[in-house]
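What follows is each chain in one-letter form.
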Amino acid sequence: MEHALKEFIKQCDLAIKQEDFDTLMNYYTDDAILVIKPGMIARGKEEIKTAFIKIAKYFNNSLVPTQGEMIILEAGDTALVISQTFLEADKNDSEYSMERRATYVFKKSQQGEWICAIDNSYGTDLVNK
């Protein structure tokens, strides 16, 4: 059976593709962290939304994220997701890889729904930068 987080992440990717950043913010905790790029982090929904708008513009409003192989490690109300993440865009001259080994941390809300606390599409590559 597919883990509920796989569908959740698919919905997040769709919101990014459609640039529906208001909906996307519903998928984050209030104090979430987004790794924009190595050495640059957005904290909280307002900064994360602003970052996604700038990221979309950087990729000529053509960014399409998808997930490949995914491992989900769940302990109580916390889950670590290690995922092969692919980014497609009209802009191919980015200095950052368009294929990544992402790490995401999710928490369950009081309603029992998963929400993202840490969004790190660079995964352990942060250690190398």
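Provided above is the structure to which this section pertains.
These notes cover the structure that comes with them.

Conventions we followed
- Residues numbered from 1 in each chain as written.
- Predicted model: local features only at pLDDT ≥ 70, side-chain atom pairs only at ≥ 80, totals over all residues.
- Heavy atoms only, no water.
- Pairing = 2+ DSSP bridges.
- Helix = DSSP H or I, 4+ residues; strand = E, 2+ residues; numbered from the N terminus.
- Axes fitted to C-alpha atoms, helices over the stretch in contact; angles between N-to-C directions.
- Contact = heavy atoms within 4.5 Å.
- Buried < 20%, exposed > 50% of the residue type's maximum accessible area, 1.4 Å probe, protein only.
- Phe/Tyr/Trp six-rings, centres within 6.5 Å; stacked < 30°, edge-to-face > 60°.
- Lys, Arg positive; Asp, Glu negative; His and termini not counted.
- Salt bridge = Lys/Arg side-chain N within 4 Å of Asp/Glu carboxyl O.
- Core = buried A, V, L, I, M, F, W, Y, C linked by side-chain atoms within 4.5 Å.

1. Section: the sheet that holds strand β6 (residues 114-120)
Taken in spatial order, the six strands line up as β2-β1-β6-β5-β4-β3 in an open sheet, and their pairing is mixed. Edge positions in the sheet fall to β2 (40-43) and β3 (64-75), since each has one partner strand and no second. Across this sheet, the average inter-strand angle for adjacent strands is 25°, counted without regard to direction. One ladder, built from six bridges, connects strand β5 (residues 99-108) with β6; its direction is antiparallel. Among the inter-strand pairings, Lys107 is bridged to a residue of β6, identified as Ile115. Here helix α1 (residues 4-17) sits on the sheet in contact with β3, β4 (78-88), β5 and β6, set at roughly 150° to β3.

2. Considering unusual backbone geometry
The backbone of Asn60 shows a phi angle near 55°, a positive value even though the residue is not glycine. With respect to the helices, strands and loops of the structure, Asn60 is situated in the loop between α3 (44-58) and β3. Backbone geometry at Asn61 places phi at a positive 50°, although glycine is not the residue there. By secondary structure assignment, the location of Asn61 is in the loop between α3 and β3. On the basis of relative accessible area, Asn61 is assigned to the partly exposed category, the value being 47%.

3. Brief notes about the packing of aromatic side chains
In total, this model carries six aromatic pairs according to the counting rule given. Arranged with centres 6.4 Å apart and planes meeting at 50°, the rings of Tyr28 and Phe52 form a pair that is tilted. One end of the pair, Tyr28, is in strand β1 (residues 28-37); the other, Phe52, is in helix α3, and 24 residues separate them in sequence. On the basis of relative accessible area, Tyr28 is assigned to the buried category, the value being 4%. The class of Phe52 is buried, set by a relative accessible area of 6%. Taken together, the ring pairs connect Phe8, Tyr27, Tyr104 and Phe106 into an aromatic cluster.

4. A look at the side chain of Asp119
Within the fold, Asp119 resides in strand β6. Nearest to the buried, unbridged Asp119 among oppositely charged side chains is Arg100, at 7.9 Å.

5. What to know about the nonpolar core
The biggest cluster of nonpolar side chains holds 33 residues, and the ones touching the most others in it are Leu24, Phe52 and Phe106. Secondary-structure elements contributing two or more residues to this core are α1, α2 (21-25), β1, α3, β3, β4, β5 and β6. Ranked by residue count, the leading element in this core is α1, at six residues.

Purely spatial values, then, with no claim about function.
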